[in-house]
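Each chain is listed here by its residues.
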Protein chains: 2
Amino acid sequence: MNNKFTRIEIVMADVKEKIATVIYMPESRLPSIRAAAKDYGFSPSTVVEAYERLQTEGIIYSRPGAGFYVAETTAPLSLTDIAPKIDRVVDPLWVSRQSLEPPDGALKPGCGWLPADWLFEVGMRRGLRNVAKADASIISEYATPLGLLALRQLLTRRMAGLSINAEPSQIILTDSGTQAIDLIFRFLLTPGDTVVVDDPCYFNFRAQLLAHRVKVVGVPYTPNGPDVDAFAAILDEHKPRLYITNAAIHNPTGATLSPATAYRVLQLAQAAGLYIIEDDIFADFEVKPAARLAALDGLSRVFYIGSFSKTLSASLRCGYIAAPIEWVGSLVDLKIATGFGGSQLAAAVVFSALTDSGYRKHMNDIHTRLASARTHTLPRLAKLGIVPWLLPQAGMFLWCRLPENNNATELANRCLSKGVVLAPGNVFSQSDNAEKFMRFNVAQMSHSKIFEVLAQSMT
Amino acid sequence: MNNKFTRIEIVMADVKEKIATVIYMPESRLPSIRAAAKDYGFSPSTVVEAYERLQTEGIIYSRPGAGFYVAETTAPLSLTDIAPKIDRVVDPLWVSRQSLEPPDGALKPGCGWLPADWLFEVGMRRGLRNVAKADASIISEYATPLGLLALRQLLTRRMAGLSINAEPSQIILTDSGTQAIDLIFRFLLTPGDTVVVDDPCYFNFRAQLLAHRVKVVGVPYTPNGPDVDAFAAILDEHKPRLYITNAAIHNPTGATLSPATAYRVLQLAQAAGLYIIEDDIFADFEVKPAARLAALDGLSRVFYIGSFSKTLSASLRCGYIAAPIEWVGSLVDLKIATGFGGSQLAAAVVFSALTDSGYRKHMNDIHTRLASARTHTLPRLAKLGIVPWLLPQAGMFLWCRLPENNNATELANRCLSKGVVLAPGNVFSQSDNAEKFMRFNVAQMSHSKIFEVLAQSMT
């Protein structure tokens with residue numbers, strides 16, 4: 001997208017990003033005009049103009065004869081300011097904003113969840129009625145620091161089914177899967193650290209990392225997991241602290257991690273002292289279990305997280321972390337300091353729904369419905385020249401290439417004005433190289449209008 | 001507490017704290033032995049020994065002939081490491097840990113909430129049953145970015161009763177009051193910023209600020225609010241970014257803010273460009289409303305927050321922010337990035353309980369029970385020579401001075417071993433000057449054993 005920006009704007013954006021990520025500390029001196037011009041490969045007059053505009057914005061100031069300095073009082077944290085070089089439409093929060101508060105009557109093939117009437121509504125209603133009769137301590141009291149024991153014990157048994165060995169004492173319940181990730185980010189990351197994400201990856205990883213003021217590097221994603229050679233090169237060059245990825249079904253591609261890739265990634269991580277977050281939020285969508293980093297690693301450098309928002313309900317917030325045992329105490333301290341307790345009520349409703357005799361049938365039905373939706377959606381997209389990058393074994397996503405001459409961001413903007421919320425490729429791409437791609441959610445694509453609007457809006 | 005530590009330990013703790021708060025960046029050079037010795041007022045050999053021990057711990061390293069440098073890979077964030085000079089027993093998370101997971105059968109006069117059977121259990125059960133019958137969208141879907149409109153509208157009306165003018169569009173629902181504060185901290189604070197707290201203040205403000213790697217300065221608290229002259233001096237000297245305080249009933253003292261103090265604090269804040277968080281979690285405990293900073297200020301530099309964990313249930317997590325209108329968009333971006341949605345179910349249960357015809361009577365009963373508990377507790381404490389710093393108009397807390405020769409931390413430790421969880425003064429005190437004070441919760445003090453254990457354990 002950079003070609004839309006002038007050289008002056010590039011320098012301004014770079015300085016703003018370095019201030020936001022505390023690479024340039026408050027009151028520190030900026031590189032001299034001459035040094036900056038050399039670094040950027042632009043003329044000194046470009047840098048002068050950029051610095052002067054930054055001064056007008058109050059972001060830096062000059063000391064006569066001594067150069068330019070970062071202003072002491074920086075503005076409050078704005079995620080869009082931190083990523084000023086990202087066009088508003090492909091800022092990583094764009095899809096969330098449009099999907100969480102769509103225009104009236106909008107269709108949402110770009111959103112990342114099932115329609116409400118696919119979720120386990122009957123089990124949730126039963127769970128709420130059960131919990132309405134629970135002990136007073138469940139109704140009224142703060143949870144224990146780790147959270148409801150019965151649910152942690154159930155999670156231990158569920159993880160055992162994926163060969164992940166986690167004791168209830170190393171499972172921490174959180175307010176959501178996103179909050180689980182956030183706690184680990186806070187625990188492991190210092191502003192200025194580097195984090196590796198898949199390219200493409202779930203867009204909210206990118207938004208969340210912006211909030212932590214860290215540098216983000218993307219590793220190209222293949223149908224078997226991250227490109228291992230590129231991964232090795234990134235560890236060498238950038239010395240990242242953390243790698244965050246999906247387990248089971250990769251978002252947005254629908255790919256699954258192969259055992260060989262999992263093994264290599266772990267070997268490299270171990271040699272480099274890298275931590276890993278494995279986000280298994282789509283575990284229950286799998287038909288045939290894929291390799292898990294957490295299973296191979298034995299939870300020594302992998303933090304394994306999940307939630308229930310994609311299968312039970314997105315309205316009830318509950319997630320969890322299975323953490324290396326030595327970090328549990330510090331993570332719980334952080335959880336208390338930043339959120340105090342967790343919700344016993346939410347945990348109790350989740351426990352009730354997961355142990356409901358109807359849950360297994362519910363998920364089997366979801367698998368069947370998703371397979372059917374995929375079968376119906378693919379030919380309808382193919383007619384428009386939109387083809388999947390791979391055929392996923394499971395899950396709701398299709399990561400598709402658009403026909404020549406179509407730009408996903410522009411298409412998403414045109415479709416939004418016609419009441420269709422799409423998920424354009426670059427919201428998922430750290431390198432902004434997915435402008436030919438679009439993520440579709442087959443569970444949200446039964447309506448013919450979606451294909452009509454796409455057809456009208458493509459070039 | 002510092003006199004317990006050697007000079008070497010003081011230097012080590014100071015360096016660790018500066019690394020943790022990113023005052024010393026990774027790979028930056030430490031002050032020379034000579035300069036450090038001068039700064040600390042210790043001998044160069046003390047600094048040498050401290051630096052060498054830090055090197056053994058892997059926290060810094062030496063470059064021959066070039067001095068000492070901060071190691072690149074810092075350990076994960078540990079709140080207890082950040083505050084190494086604080087004795088474990090008065091670390092600000094101590095009371096939370098003991099209260100949230102007490103020894104079996106322990107009594108908790110130190111905890112900050114009502115007994116479960118005082119809370120609005122009947123209203124909560126009714127709320128859960130109501131919500132079990134709600135629309136599918138409430139049961140299953142993500143909340144809108146701001147959260148359930150009906151609850152925000154109700155909050156607007158409730159705030160209007162306190163002369164706080166907040167539109168539903170500037171109210172953001174959060175997962176808890178603590179999370180509301182955390183979002184604002186993230187939004188406003190950069191590592192290295194300075195924040196003012198009351199001294200004493202709610203201990204979790206201190207724990208939470210540690211997690212944000214900022215400097216914390218305490219302003220002495222008087223029976224009418226913060227000491228205004230000290231506040232002015234702190235603004236001058238430390239140029240803080242933010243002041244966080246309680247509204248209505250101050251925790252731990254039970255004091256209330258006078259209109260004159262509120263006015264002066266706001267005037268000073270305005271002149272200094274200081275933001276304020278006013279935490280009104282005890283609003284519904286008030287019998288006679290006190291001055292609110294948010295009411296005077298019109299939500300221009302005050303962020304007003306609250307929750308329902310002290311009145312309805314601590315098990316259901318739901319809080320809110322009433323924010324200056326220009327910051328709502330950025331706060332919502334941060335909320336989505338770091339927690340994705342909020343819980344519609346929780347908001348719907350809270351709405352049901354707050355609008356339950358029994359809620360007003362429930363709170364009236366609580367006022368009566370607390371007044372009665374206060375009346376019964378005061379003479380029992382007085383017999384032990386424990387006297388309140390002031391007589392609160394409302395609420396559950398008594399901030400009490402212990403008789404001569406008693407140290408609150410030591411007393412809390414001795415009582416813990418006998419099954420009584422106390423809240424010793426220094427967990428609340430940024431300056432560690434409250435070792436003669438103890439916070440008692442009158443609602444948790446009906447049991448005679450508490451007074452017996454206190455009597456046995458005092459000197």
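Scroll up to find the structure.
Now for a quick tour of the structure. What you see is a predicted model; the values in this text were computed from it and never measured.

1. Observations regarding the overall build of chain A
At step 1: Scanning chain A from terminus to terminus reveals 18 helices and 14 strands.
At step 2: In terms of overall dimensions, chain A is globule-like: its C-alpha atoms have a radius of gyration of 23 Å, near the 23 Å expected for 459 residues.
At step 3: Taking the principal axes of the C-alpha coordinates as reference, chain A spans close to 75 × 55 × 45 Å.
At step 4: For chain A, long-range pairs separated by at least 24 residues make up 74% of all intrachain contacts whose partners lie at least 6 apart in sequence.

2. Side note on the packing of aromatic side chains
Residue and element names in this part refer to chain A.
At step 1: Inspection of every chain in the model, using the stated rule, returns 38 aromatic pairs over all chains.
At step 2: Between Phe 282 and Phe 397 the ring centres are 5.6 Å apart and the planes differ by 85°, which places this aromatic pair in the edge-to-face class. Remark: Phe 397 occurs in strand 12 (residues 397-401) and Phe 282 occurs in the loop between strand 8 (275-279) and helix 13 (293-297); sequence separation between them is 115 residues.
At step 3: With relative accessibility at 3%, the residue Phe 397 sits in the buried group.

3. Considerations on helix 9 (residues 177-188) of chain B
An α-helix turns once per 3.6 residues; consequently, residues spaced three or four apart project the same way.
Residue and element names in this part refer to chain B.
At step 1: With 12 residues, helix 9 extends 17 Å between its outermost C-alpha atoms, agreeing within 8% with the 16 Å of an ideal straight helix rising 1.5 Å per residue.
At step 2: Among the 12 residues of helix 9, 12 are classified as buried, and the element is accordingly described as predominantly covered.
At step 3: Among all positions of helix 9, only Gly 177, Thr 178, Gln 179, Ala 180, Ile 181, Asp 182, Leu 183, Ile 184, Phe 185, Arg 186, Phe 187 and Leu 188 are buried.

4. Let's talk about the sheet that holds strand 11 (residues 387-388) of chain A
At step 1: Strands sit in the order 11-12-14-13 (chain A) across an open sheet of four strands; the sheet is antiparallel. Looking at which strands have only one partner, the edges of the open sheet turn out to be strand 11 and strand 13 (423-424) of chain A.

5. Notes on the sheet that holds strand 4 (residues 194-199) of chain A
Residue and element names in this part refer to chain A.
At step 1: Read from one edge to the other, the open sheet built from eight strands follows the order 3-10-9-8-7-4-5-6, with strand pairing classed as mixed. In this open sheet, the two edge strands, each paired with only one partner strand, are strand 3 (171-174) and strand 6 (225-226).
At step 2: Two elements, strand 3 and strand 10 (residues 319-322), share four bridges in a ladder whose sense is antiparallel. Note on strand 10: the bridge partner recorded for Thr 174 is Gly 319.
At step 3: In the packing of helix 11 (residues 228-238) onto the sheet, contacts are made with strand 4, strand 5 (215-222), strand 6 and strand 7 (242-246), and the angle to strand 5 comes to roughly 165°.

6. Description of the interface of chain A and chain B
At step 1: Of the residues lining the interface, 78 residues belong to chain A; the matching set on chain B comes to 78 residues.
At step 2: Between chain A and chain B lies a buried interface of about 6,700 Å² when both sides are counted; carbon and sulfur atoms form 59% of it.
At step 3: Looking only at chain A, the three residues that lose the most surface to chain B are Leu100(A), Tyr142(A) and Phe340(A), adding up to 11% of its buried area.
At step 4: Summed over the shared surface of chain A and chain B, the number is two salt bridges.
At step 5: For the pair chain A and chain B, the number of links is 28 residue pairs in polar contact (both at pLDDT 80 or more).

The rules behind the values
By convention here, each chain's residues receive numbers from 1 onward along its written sequence. Numbering of ligands from 1 and lettering of chains from A proceed in the order in which they are written. The model is predicted, so local features are restricted to residues of pLDDT at least 70 and side-chain atom pairs to those at 80 or more, both for listing and for counting; the totals for chains, interfaces and linings are taken over all residues. Each side-chain value is worked out from all heavy atoms of the structure, with water and hydrogens disregarded. Helical segments are the DSSP runs of H or I of at least four residues, strand segments are the runs of E of at least two, and each set is numbered from the N terminus. Our radius of gyration is a C-alpha quantity, and the globule rule it is checked against amounts to 2.2 Å times the number of residues to the power 0.38. Residues are treated as being in contact if the distance between any of their heavy atoms lies within 4.5 Å. Side-chain rings of Phe, Tyr and Trp, where Trp is taken by its six-membered ring, are said to pair if the distance between their centres is within 6.5 Å; with planes under 30 degrees apart they count as stacked, over 60 as edge-to-face, and otherwise as tilted. Think of it in three bands: with a 1.4 Å probe and only protein chains considered, a residue is buried below 20% of the maximum accessible area for its type, exposed above 50%, and partly exposed in between. Here a helix's expected span is defined as the number of its residues, less one, multiplied by 1.5 Å. When DSSP finds at least two bridges between two strands, those strands are taken to pair. Fitting a line to C-alpha atoms yields each axis, with helices limited to the stretch in contact; the angle taken between N-to-C directions then spans 0 to 180 degrees. Once two parts are brought into contact, the accessible area they lose, counted with a 1.4 Å probe and summed over both, makes up the buried area. Basic side-chain nitrogens of Lys or Arg form a salt bridge, by our definition, when they fall within 4 Å of a carboxyl oxygen of Asp or Glu. Definition of a polar contact: a pair of N or O atoms within 3.5 Å, with one able to donate and the other able to accept a hydrogen when the atoms are protein atoms, and with sequence-neighbouring residues admitted only if both atoms are side-chain atoms.

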